[in-house]
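# Architecture and fold: a report
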Amino acid sequence: MALGKWMMAACMAVALASGAQAAPPATSGNPILQGWYADPEAAVFGSRYWIFPTTSAVYEAQTTFDAFSSPDLLHWTKHADVLNAKAVPWAKRAMWAPSVVENNGKYYFFFAANDIKNDSELGGIGVAVADRPQGPYKDLLGKPLVGAFHNGAQPIDQFVFKDDDGAWYMIYGGWKHANIVRLKDDFTGVLPLADGTLFKEITPAPEYVEGPLMFKRGGRYYFMWSEGGWGSPDYSVAYAIADAPTGPFKRVGKILQQDEAIATSAGHNSVIQVPGTDRWYIVYHRRPRGDSARDHRVTAIERMQFDAQGHILPVKITHEGVAADPLR
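Residues numbered from 1 in each chain as written. Predicted model: local features only at pLDDT ≥ 70, side-chain atom pairs only at ≥ 80, totals over all residues. Heavy atoms only, no water.

## Comments concerning the pairing of strand β2 (residues 48–55)
For β2, a buried count of 7 out of 8 residues is recorded, marking the element as mostly surrounded by other parts of the structure. Bridge count for strand β1 (residues 37–45) against β2 is 7 bridges, and the pairing is antiparallel. Bridge pairing links Glu41 to Phe52 in β2. What sits between the antiparallel neighbours β1 and β2 is a turn of 2 residues, in which Gly46 has the positive phi angle 65°. Bridge count for β2 against strand β3 (residues 64–70) is 3 bridges, and the pairing is antiparallel. (Buried < 20%, exposed > 50% of the residue type's maximum accessible area, 1.4 Å probe, protein only. Helix = DSSP H or I, 4+ residues; strand = E, 2+ residues; numbered from the N terminus. Pairing = 2+ DSSP bridges.)

Quick look at the structure:
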């Protein structure tokens, strides 16, 4: 009996030393991606979660995008260089804020490029296409989809949204203005909205800065955006609700912001709804505590929950992240 116990203990010690008995991670931990990444776009394609972030670097180095995929929110696989400026002849720098959707078996990657300051500069919002979420993506149009200022909105930070009736919309805009456009079904241009306008301003509040996002829950449209300066500790996320994608939207309040004990500048988010459920996650970027380097931004994830009236509850930023949520 003593020998048997000794052998069992010895086997357990060997297994632990080899890592065979190592427990799987209980939570994702934050940040969830290794490296400097910002403006994360989150999506579900098939049996995997996807994150498409901006490469957080000086503008001249922002000429390529990586992607990350996971079956369970804990284990992430990097897909390097899914879109490169070499595949977009008109894009030279400052390629930002992906929005990626599936449409008729193809994947479309919307992005901003060149950080234009006026209508005489070449740049704005582009779209690329691929056969797989991990690319490689190639420019669809040979020019920007939106390459000029409308209603004062810098053409950046686009988010593409499909409504229940099959209509595709794009919400975008920096410089404190947000527009909505209806996209053609093949994403080659824009269509008039119901009131006849092509570029309709839907800026939800004076505090709006950039990073718009839209989703639908309970028959209502939720509009999220970032407030404050992207390089400042006060960067944060607020939201509004309306009965139509074109509004009118009324600011409800701020739901994501820094916690000086954990990280600063928490903003520019996206959301994940687990298909077929009412489980939601918010994916966002933040700055490591005590790190003031301009481009040191990392990607994090938290649960996002609602109260009985459908209001988004304030999100507590954490080091722990979220538990496993495997896709089925």
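## A few points about the layout of surface pockets
Roughly 660 Å³ of internal volume is contained in the largest pocket. Residue assignment for the lining of the largest pocket shows that the elements contributing at least two residues are β1, β5 (96–103), β9 (159–162), β14 (210–217) and β18 (263–273). Looking at the lining of the largest pocket element by element, the count peaks at 5 residues for β1. In terms of residue class, the lining of the largest pocket is built from 17 nonpolar, 1 polar and 4 charged. In this structure, the second largest pocket occupies an estimated 300 Å³ of space. Taken together, 18 residues form the lining of the second largest pocket, with Tyr59, Trp96, Ile156, Glu210 and Trp230 sitting closest to its centre. Looking at side-chain class alone, the lining of the second largest pocket contains 7 nonpolar, 4 polar and 7 charged residues. (1 Å grid on protein atoms, 1.4 Å probe; cavity = no way out; pocket = protein on both sides within 12 Å on 5 of 7 lines; lining within 4 Å. Points joined across faces, edges and corners; volume = space filled by probe spheres on them. Nonpolar A, V, L, I, M, F, W, Y, C, P; charged D, E, K, R; others polar.)

## Side note on the sheet that holds strand β16 (residues 236–242)
Here we have 4 strands laid out as an open sheet, ordered β14-β15-β16-β17, and antiparallel in their pairing. Single-partner strands in this sheet number two, and they are β14 and β17 (250–256). Across the sheet, the axes of successive neighbouring strands diverge by a mean angle of 25°, strand direction being ignored. In terms of strand pairing, strand β15 (residues 220–227) meets β16 through 7 bridges, oriented antiparallel. By the bridge assignment for β16, Tyr221 is matched with Ala242. (Axes fitted to C-alpha atoms, helices over the stretch in contact; angles between N-to-C directions.)

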